[in-house]
Amino acid sequence: MSITANSDLPNLVSENMEAITSNTDGSWKNLGAELVYTQDGAGRYLSFYWQHCPRFGLDPKQIVTDAKIDAVFTPVDKVAYLERLQRILTTLEPERCQCWFSFQKHLIELELTISPILPTLGNPAIAVLAIGRLVQVRVSETAVNVTAQPPTELELGLRSQQNQQLVTQITRNIRRTLNLDIIWQQTVDGLGELLQLKRSIICPYQPSSKKLKVIAEYRQPELGSMLGLEVDIASEPAFAQALATLEPILDENPKHPLFKQEKILVVATCYQDQPNGLIAVSLCDNCYGVTAAELELAKEVADQLGTAIAHATLYKELEAASQQAEEASRLKSEFLANVSHEIRTPLNGMIGFLKLILDGMADDPEEQRQFLLEAHKSSLHLLDVISDILDFAKIEAGKMELELGAVSLEELFSDVGNFMRLQAEQRRLSFRMHLPETSDEILVYGDYQRLKQVMLNLVGNAIKFTHEGGVTVNTDVVRKKVVFKDQEFPGMLRVRVADTGIGVSLDKQDKLFQLFSQVDGSRTRQYGGTGLGLVISQKLVEAMGGEVHFYSLGEGLGSTVTFTVPLYQQPVMVSSTEGNSQD
């Protein structure tokens, strides 16, 4: 039985399209297909033929006349169906799928091959041709249920054979991949389709968790989805019992609302007698009892799946460890290359200037003195590089020794300011250091030399990566008691080093404190340095009971580094909005 529509076809329909949509009943039968229909991109039926129309009381003429996708014979998931049509019309590639359609009280599953009707030159594809067959039919819940009859010996034998084939198929599928997502989805699909279940779900299980999350699901279209939901183990006795006993549990009265009035079979997946997941399937209302042999098969499926989950998890962990090892090796190689460059550059400078002096290339004593000053400057830079490497090695080996005690903040800032101000002036940058205004001396608890090293590192970085503007160091007192190494301190001093420099993009800031990692290898080589300054500063500050944090709004927007250190004693603050400055 067929019907065609020709009066409402769009003007853009090509001659090929018109030929297809005007086929007669005999033409459709000549295709040798059970079901053939054409639709436009909006899902309107242009023509329709199905040999089962009389069986369901379908009128093809009404389907085509009403035209709308939700008028008579409609996909259950209209949105996904229309997305598929648009994809096929855009890519011009056929797709195979299984879709549920609804008609009155019937839910009809069809296996379809949907192809674009190729347009003539210069025109877009605007219609598809669907060819398919009937897979199964279900009646909605308003239909009368038929009481299931006890199975015969022959039926039990067929069921046993079918279930054994199911186990073999699922086992074969999960052994073909180590992708957990694929394993889970293939298992629920295999169980649901072959056993015609109402629902089949899988949840991974961690002994430390009290909830199970549904990560794969097969369900009939009329049921609500449980995908992504969390199920409290304590609220579902069957779930808890299956995890505890590792035996299949049949529950005829589950508590979860989406399992309401359903009979479910629950079985835990396990590896080496330890549960690692759970399968729950909703049995059909008219299913007769599950046999002992079928319970054993269910346990066999769960055991196979549990082993697959364990192997896939182990493989994933090994793969991640391998990638981390490769990345660590790459970073170390890059680090060694940069350090070698940093050592060789000042060393070449020293050798070059001393060679000029030895070869008598200095024109006068003043030029000779200048050569010596440059060689001395290179030697100091080389000493800084080597000191950083040695400090890093000591920290990694846990051999860094600190002499902790009271440190005068004013003295510390004075030393750092005298040393760094000249560098800032040479680069024509402003440089300011602000102390909190107090009526007494501010003392912090730490190692003076290491705190000075941290300050020089942070301020030195700020100056190095700033081309214009300046660097500002601010401090403030945090009045909150802290305990460090079994000693109580009255609060913390927070130091902020802010610059107007090149900044760091948000996606690269996590690399700043990683070992052997630099934000940008080429940028670091451009500006020089080993890339150890922040890492060493962080380790030293943490060893003195404080924290280091980095902030930047992005490239070109400057940076701020803060660190904290315990107060040795509570300073007496004075009422003032400005602190003393050391400019």
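Everything here concerns the structure above.
Residues numbered from 1 in each chain as written. Predicted model: local features only at pLDDT ≥ 70, side-chain atom pairs only at ≥ 80, totals over all residues. Heavy atoms only, no water.

**Q** How should I be thinking about the overall build of the chain in this particular structure?
**A** If you tally the helices and strands in the chain, you get 14 helices and 24 strands. Taking as baseline every contact in the chain between residues at least 6 positions apart, the subset at least 24 positions apart corresponds to 64%. In the form shown here, the chain has an accessible surface area of approximately 31600 Å², with 51% of it arising from carbon and sulfur atoms. (Helix = DSSP H or I, 4+ residues; strand = E, 2+ residues; numbered from the N terminus. Contact = heavy atoms within 4.5 Å. Areas by Shrake-Rupley, 256 points an atom, 1.4 Å probe, with all protein chains shown as cover.)

**Q** Any chance you could explain the pairing of strand E3 (residues 45-50) here in plain terms?
**A** The side chains of a regular strand alternate, first on one face of the sheet and then on the other. Most of E3 sits out of view: six of its six residues are buried. Bridge count between strand E2 (residues 35-40) and E3: five bridges; the pairing is antiparallel. Across the sheet, residue Leu35 finds its bridge partner in E3, namely Trp50. The antiparallel pairing of E2 with E3 creates a hairpin that spans four residues between the two strands, and Gly43 there sits at a positive phi of about 85°. (Buried < 20%, exposed > 50% of the residue type's maximum accessible area, 1.4 Å probe, protein only. Pairing = 2+ DSSP bridges.)

**Q** Explanation requested: the side chain of Glu109 in the structure shown.
**A** Note that Glu109 resides in strand E6 (residues 106-116). Given a relative accessible area of 8%, Glu109 falls into the buried group. At a separation of 2.7 Å, a polar atom in the side chain of Glu109 contacts the side chain of Gln98. Not counting the four nearest positions on each side in its chain, Glu109 is found in contact with Gln98, Cys99, Trp100, Arg133, Leu134, Val135 and Gln136. (Polar contact = N/O pair within 3.5 Å; in protein donor to acceptor, adjacent residues only side chain to side chain.)

**Q** Sorry if this is basic, but what is going on with the sheet that holds strand E14 (residues 274-283) here?
**A** Across a sheet, paired strands are connected by hydrogen bonds in the backbone, their directions being either parallel or antiparallel. Overall, antiparallel pairing links the five strands, which are arranged E10-E8-E14-E13-E12 in an open sheet. Strands at the two margins of the open sheet, each flanked by one partner only, are strand E10 (216-219) and strand E12 (249-251). Taking the axes of each pair of neighbouring strands and ignoring which way they run, one obtains an average angle of 15° across the sheet. Two elements, strand E13 (residues 263-271) and E14, share nine bridges in a ladder whose sense is antiparallel. Directly across from Ile264, in E14, lies its bridge partner Ser282. Those strands touched by helix H8 (residues 237-245) are E12, E13 and E14, and its axis lies near 30° from that of E13. (Axes fitted to C-alpha atoms, helices over the stretch in contact; angles between N-to-C directions.)

**Q** Can you walk me through the pattern of salt bridges in this structure?
**A** Between side chains of opposite charge, a pair can form as their charged atoms come close. In this structure the tally under the stated criterion is eleven salt bridges. The salt bridge involving Arg84 is made with Glu95; its shortest N-O contact spans 2.8 Å. Of the two residues, Arg84 sits in helix H5 (residues 78-91) while Glu95 sits in strand E5 (residues 95-103), which places them eleven residues apart along the sequence. Where Arg494 meets Asp476, a salt bridge forms, and the shortest distance between an N and an O atom there is 2.9 Å. Remark: Asp476 occurs in strand E18 (residues 470-478) and Arg494 occurs in strand E21 (residues 492-499); sequence separation between them is 18 residues. Judged by its relative accessible area of 26%, Arg494 is partly exposed. Several salt bridges converge on common partners, so that one network encompasses Arg84, Arg87 and Glu95. (Salt bridge = Lys/Arg side-chain N within 4 Å of Asp/Glu carboxyl O.)

**Q** Mind showing me how you'd approach the packing of helix H11 (residues 409-426) against helix H12 (residues 448-464) here?
**A** A packed helix pair is summarised by two numbers, namely the angle formed by the two axes and the spacing between the axes. Running from N to C, H11 and H12 point in directions that differ by 30°, and their axes come no closer than 10 Å. As judged from the angle between their axes, H11 and H12 are roughly parallel. For the pair H11 and H12, the sense of crossing is right-handed. Residues Glu411, Leu412, Phe413, Asp415, Val416, Phe419, Met420, Gln423 and Ala424 of H11 touch H12, and the partners they reach there are Tyr448, Leu451, Lys452, Met455, Leu456, Val459, Gly460 and Ile463. Grouping the constituent residues of the contact of H11 with H12 by class yields twelve nonpolar, two polar and three charged. (Parallel < 35°, antiparallel > 145°, perpendicular 65-115°, else oblique. Left-handed = near helix turned anticlockwise from the far one by under 90°. Nonpolar A, V, L, I, M, F, W, Y, C, P; charged D, E, K, R; others polar.)

**Q** Sorry if this is basic, but what is going on with the pairing of E2 here?
**A** With respect to burial, E2 is a largely interior element, six of its six residues being buried. With burial as the criterion, each face of E2 is covered, one bearing Leu35, Tyr37 and Gln39 and the other bearing Val36, Thr38 and Asp40.

**Q** Honestly, H5 in this entry has me stumped. Any pointers?
**A** Think of an α-helix as turning once every 3.6 residues; residues three or four places apart then point the same way. The terminal C-alpha atoms of H5, which comprises 14 residues, lie 20 Å apart, in line with the 20 Å expected from a rise of 1.5 Å per residue. For H5, the complete set of buried residues consists of Tyr81, Leu85, Ile88 and Leu89. Buried residues of H5 fall within an arc of 95° about the axis and therefore sit on the same side. Every exposed residue of H5 that faces more than 90 degrees away from the buried side is listed here: Val79, Glu83 and Thr90. Positioned one or two residues after H5, Leu92 has a phi angle of 60°, which is positive. (Expected span 1.5 Å × (residues − 1). Arc of directions from axis to C-beta.)

**Q** Sorry, what's going on with the nonpolar core here?
**A** Nonpolar side chains tend to gather and get buried jointly when the protein is soluble and globular. The biggest cluster of nonpolar side chains holds 45 residues, and the ones touching the most others in it are Phe413, Met455 and Phe563. Considering every element that reaches this core, the biggest residue donor is H12, with eight residues. Not counting chain neighbours up to four residues away, the residues in contact with Met455 comprise Leu412, Phe413, Val416, Met433, Gly460, Val473, Val495 and Phe563. Core analysis: the next-biggest nonpolar cluster, separate from the first, contains 28 residues, Phe48, Phe101, Leu110 and Leu112 among them. (Core = buried A, V, L, I, M, F, W, Y, C linked by side-chain atoms within 4.5 Å.)

**Q** Even after reading the chapter, I still don't get the side chain of Gln220, so can you show me in this structure?
**A** Within the secondary structure, Gln220 sits in the loop between E10 and strand E11 (230-232). With a relative accessible area of 1%, Gln220 lands in the buried category. Leaving out residues up to four positions away in the same chain, Gln220 has contacts with Trp100, Arg138, Leu197 and Lys198.

**Q** Explanation requested: unusual backbone geometry in the structure shown.
**A** Across the chain, the bulk of peptide bonds are trans and the bulk of non-glycine residues have phi less than zero. Unusually for a residue other than glycine, Arg428 sits at a positive phi of about 60°. Inspection of the secondary structure assignment puts Arg428 in the loop between H11 and strand E16 (430-435). A relative accessible area of 79% means that Arg428 is categorised as exposed. Residues other than glycine seldom take positive phi values, yet Asp486 does so here, at roughly 65°. Looking at the secondary structure, you find Asp486 in the loop between strand E19 (482-484) and strand E20 (487-489). Of the residues examined, Asp486 reaches a relative accessible area of 81% and is grouped as exposed.

**Q** Where do I start with the packing of H12 against helix H14 (residues 533-543) in this structure?
**A** At their nearest, the axes of H12 and H14 sit 9 Å apart, and the two run at 145° to each other. For the element pair H12 and H14, the recorded crossing hand is left-handed. On H14, the residues touching Arg450, Gln453, Val454, Asn457, Leu458 and Asn461 of H12 are Gly533, Leu534, Ile536, Ser537, Leu540 and Val541. A breakdown of the residues in the contact of H12 with H14 according to their chemical character gives six nonpolar, five polar and one charged.

**Q** Would you take a moment to explain the packing of aromatic side chains for this structure?
**A** Each aromatic ring pair is summarised here by two numbers: the centre-to-centre distance and the angle between the ring planes. Summed over all chains, the structure comprises eleven aromatic pairs. Between Phe353 and Phe371 the ring centres are 5.8 Å apart and the planes differ by 35°, which places this aromatic pair in the tilted class. In this pair, Phe353 is assigned in helix H9 (residues 292-358) and Phe371 in helix H10 (residues 365-397), connecting sequence segments 18 residues apart. By relative accessible area, which is 11% here, Phe371 ends up buried. With 6.5 Å between their ring centres and 15° between their planes, Tyr445 and Tyr568 make a pair best called stacked. One end of the pair, Tyr445, is in strand E17 (residues 443-446); the other, Tyr568, is in the loop between strand E23 (559-566) and strand E24 (580-582), with 123 residues separating them in the sequence. Within the aromatic cluster, the residues linked to one another by ring pairs are Tyr37, Tyr45, Phe48, Trp50, Phe56, Phe73, Tyr81 and Phe101. (Phe/Tyr/Trp six-rings, centres within 6.5 Å; stacked < 30°, edge-to-face > 60°.)

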